[in-house]
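Read off the chains here:
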Amino acid sequence: MSEQERVAKELDQRVAQRTRELAAANEDLKSELAQRKRAESLLSAEKRSLEMIAHGASLTEILQELCRAIDAQAPGTITSVLLMDPDGQRLRPAAGDRVPSGWAQAITPVTIGPCVGSCGTAAFLKKPVIVSDIASDPLWVDFRDIALSHGLRAAWSQPLISKNGEVLGTFCLYYPEVRSPNGSDLRLLEGAGHVAVIAIEGERTQAALTKAFEEIKTSVAQLREIVDAIPHSITVLGPEGNTLYVNRVALDYTGLTMSEVMAPDYRARVFHPDDVERLRDERQKALSRGTPFENEQRVRRSDGQYRWFLIRYHPLRDEKGRVIRWYATGTDIEDRKQAEERVRSENLALREEIDRSSMFEEIVGSSEALRRVLADVAKVAPTDSTVLILGETGTGKELIARAIHKRSTRSTRAFIRVNCAAIPPSLIASELFGHEKGAFTGALQRRLGRFEAADGGTIFLDEIGELPMETQIALLRVLQERELERIGSSQSISVDVRVLAATNRDLKAAVTTGTFRQDLFYRLNVFPIQMPPLRERTDDISLLVEYLIERYARRAAKRIRTIDGKTMKLLQAYDWPGNIRELQNVIERAIVLCDGDTFSVDEAWFKRESSSELPRQSMQEGRLGRLVRDREKEMIEAALASSGGRISGPAGAAAKLGIPRQTLESKISSLGINKHRFKTG
């Protein structure tokens, strides 16, 4: 062979090799374009199906449209959807324009089982079944001949499974030639099956709505509540959480267009800025985990108002487990949120009542002093007059307040109890009147106060004499004008609350010393009730003892038959400085120690210091207490003066004294210190 011939042959070989390479590259390009086309078609099918769901199309129409969209990708593809019978044992064809009618008749119905073609087996196993060649696959032994006679050679089936694990049906792709799926085919099969599940469950929801409408068609208002409780807002998100599509319901609610929804600032425009900031990191972490999650956010309505929504996120994965879509649904919970705020306040009061053991459930006694009190209760209860209950600690002031409420016209509404001495002075105003978000450090959200929780009912202000002067002013306004302002707000809120107050302090003396406002005292002292101490109700002691013995013996699972005579004399002779509460404690302790069926107490419990030692000791203790009180007052006033009247902060009086701010506020109030006179410009 000549050199010229050899070179020509080599050139021909190179041209042939290059031609083959170009042909292979062309095939790869075609495959990539086909895969891209399939992905775009699937997304289009998703959008179209979701739109049809939102507009109330029938399930058959939605499934037919889905099958047409898949069929349009390849001339030989035959797409079919089979739905499960109510008995959960058989499948019936529901959609698929290209499915041969003879084949559909031959397989109707398909009884599911471990070896019943592609669809029957997929429904039985609850997982995809891929048959590349019907002619040789053992799953098709009962249907092979009829399938081949209708030109079916390959069948891939995807079970349609609800979020509760229930098989709803199958999605199937038939091919006229032997064919095995690639990754793109499997994604198409799974994605189309997911859209079919959404359509089927949407149809079930619509059926539930229709049934509910038939049951309550006489009540339009009830129908609206049910429709509002079952929303149809659907959002499709990308793997990173970017919005791909929202249905018509969501567009109508927000007033945005589809192009605005696709914009990068969509979340900032739709969700409340505080919620966007609050949930930014949490949402991204949840998306990165790839598991279903939910959160609560405020969504901006087309009129500019925000309403709370519960947003639930569910992922869609490919064959490698990667999230390729997020489906988010929104449920309006605004009414629930408002109710929760009010219920939270009422539950707080209820928990306090449940956790706190009452002195006794009923008013026990028949003494003349108690009968006078009960007569006053009977007179004032039906009115809305403010009542001031006075008396020593432990005399049952709260019990009388409850009796007034139960006999009033407000008895079916809330009874809210507030112990003014148990709440730090810096927090009492917020507790009574509520606060707005950001009103002070730590106010992370709006909170209703006890007065709003008691609206329409009764509020009982125990230990009213311990209220700080600033709170007394606000309370006076509530009593005078029947309205209040939350801390941090300038908006007045009307309240209809009956006020009952109680104290063991001498309020008249407090008015004289300037620690209690005179005008507030007159507002509270509309109808005073003086509770008699137990030492003035000696006739009631025997009744109270018997009642309390029965109560605590029942709790301790003991049986008390008699009361020691000496014990009863001791109980009647004692002056009970702690009143009924002290009697209650003595009875409970004696029941715990009692071994038999006779009730008795230790005489040593009632012994006092001798008459010569007690006055001297009391005098010494009193003198020491005054010295300590005066010294403490001097130190606090000096700290206030050096801090310019400032209490909190690094340069405040609390820091100088080395005590908490709340403790200092309490001491200033109890010592009657006017902190405002130390204020500097």
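Each remark here, short or long, concerns the structure printed above.
Described below are features of the structure shown in this document. Everything numeric in this text was worked out from a predicted model, so none of it was measured. (Residues numbered from 1 in each chain as written. Predicted model: local features only at pLDDT ≥ 70, side-chain atom pairs only at ≥ 80, totals over all residues. Heavy atoms only, no water.)

### Some details on the overall build of the chain
Of regular secondary structure, the chain possesses 25 helices and 20 strands. Looking at the 681 residues of the chain, the share that counts as buried comes to 43%. A fraction of 63% describes how many contacts in the chain between residues 6 or more apart in sequence connect residues 24 or more apart. Carbon and sulfur atoms form 50% of the exposed surface of the chain, whose accessible area is close to 36,100 Å². (Helix = DSSP H or I, 4+ residues; strand = E, 2+ residues; numbered from the N terminus. Buried < 20%, exposed > 50% of the residue type's maximum accessible area, 1.4 Å probe, protein only. Contact = heavy atoms within 4.5 Å. Areas by Shrake-Rupley, 256 points an atom, 1.4 Å probe, with all protein chains shown as cover.)

### Some remarks on the sheet that holds strand β2 (residues 90-95)
The antiparallel open sheet is built from six strands, whose spatial order is β3-β2-β1-β6-β5-β4. Single-partner strands in this sheet number two, and they are β3 (110-111) and β4 (129-131). As judged from the two bridges shared by β2 and β3, these two strands associate in the antiparallel manner. The residue bridging Arg-90 from the neighbouring strand is Thr-111, located in β3. This element, helix α2 (residues 59-71), spans β1 (78-84), β2 and β6 (167-175) of the sheet and lies at about 150 degrees to β1. (Pairing = 2+ DSSP bridges. Axes fitted to C-alpha atoms, helices over the stretch in contact; angles between N-to-C directions.)

### Topic: the packing of aromatic side chains
Under the definition given, this model contains 10 aromatic pairs. Between Trp-103 and Trp-140, the aromatic rings sit 5.8 Å apart at their centres with planes inclined by 25 degrees, giving stacked as the arrangement. Remark: Trp-140 occurs in the loop between β4 and α5 (144-149) and Trp-103 occurs in helix α3 (residues 101-106); sequence separation between them is 37 residues. Its relative accessible area of 2% is what places Trp-140 among the buried residues. Ring geometry for Phe-433 against Phe-451: centres 5.6 Å apart, planes inclined by 20 degrees, an arrangement best described as stacked. (Phe/Tyr/Trp six-rings, centres within 6.5 Å; stacked < 30°, edge-to-face > 60°.)

### Notes on the environment of Ile-363
Tracing the backbone shows Ile-363 in the loop between α12 (334-355) and α13 (368-380). For Ile-363, a relative accessible area of 28% translates into the label partly exposed. Separated by 40 residues in sequence, Ile-363 and Ala-403 have C-alpha atoms that sit 8.7 Å apart. Contact partners of Ile-363, with chain neighbours within four places excluded, come to Leu-370, Leu-374, Leu-399, Ile-400 and Ala-403.

### Section: the packing of helix α20 (residues 538-555) against helix α22 (residues 579-593)
Their axes nearest at 9 Å, the elements α20 and α22 cross at an angle of 45 degrees. In terms of orientation, α20 and α22 fall into the oblique class. For α20 against α22, the interelement crossing comes out right-handed. The segment α20 lies against α22, with Leu-544, Val-545, Leu-548, Ile-549, Arg-551, Tyr-552 and Ala-553 engaging Ile-580, Leu-583, Gln-584, Ile-587, Glu-588 and Ile-591. (Parallel < 35°, antiparallel > 145°, perpendicular 65-115°, else oblique. Left-handed = near helix turned anticlockwise from the far one by under 90°.)

### Here we look at the pairing of strand β5 (residues 154-161)
Most of β5 is tucked away, with seven of its eight residues classed as buried. Across three bridges, the pairing between β4 and β5 is antiparallel. When the sheet's bridge partners are listed, Val-129 is paired in β5 with Ser-157. Relative to β6, β5 is paired through eight bridges, and the arrangement is antiparallel. Note on β6: the bridge partner recorded for Trp-156 is Leu-173. What sits between β5 and β6 in their antiparallel hairpin is a turn of five residues, with Gly-165 showing a positive phi close to 85 degrees.

### Considerations on α22
For α22, built from 15 residues, the straight-helix expectation of 21 Å at 1.5 Å per residue is met to within 8% by its first-to-last C-alpha distance of 22 Å. Three or more residues of α22 are buried, namely Asn-579, Ile-580, Leu-583, Gln-584, Val-586, Ile-587, Ala-590 and Ile-591. End-on, the buried residues of α22 take up no more than an arc of 165 degrees, which puts them together on one face. Residues Val-592 and Leu-593 are exposed on α22 and point more than 90 degrees away from its buried face. Check the buried side of α22 and you find it contacts α20, α21 (565-573) and β20 (598-599). (Expected span 1.5 Å × (residues − 1). Arc of directions from axis to C-beta.)

### Some thoughts on unusual backbone geometry
Across the junction of Thr-108 and Pro-109, the peptide omega takes the value -5 degrees, indicating a cis bond. Residue placement: Pro-109 occurs in the loop between α3 and β3. With a phi close to 60 degrees, Lys-126 is a non-glycine residue in the positive phi region. Checked against the element boundaries, Lys-126 lands in the loop between α4 (117-125) and β4.

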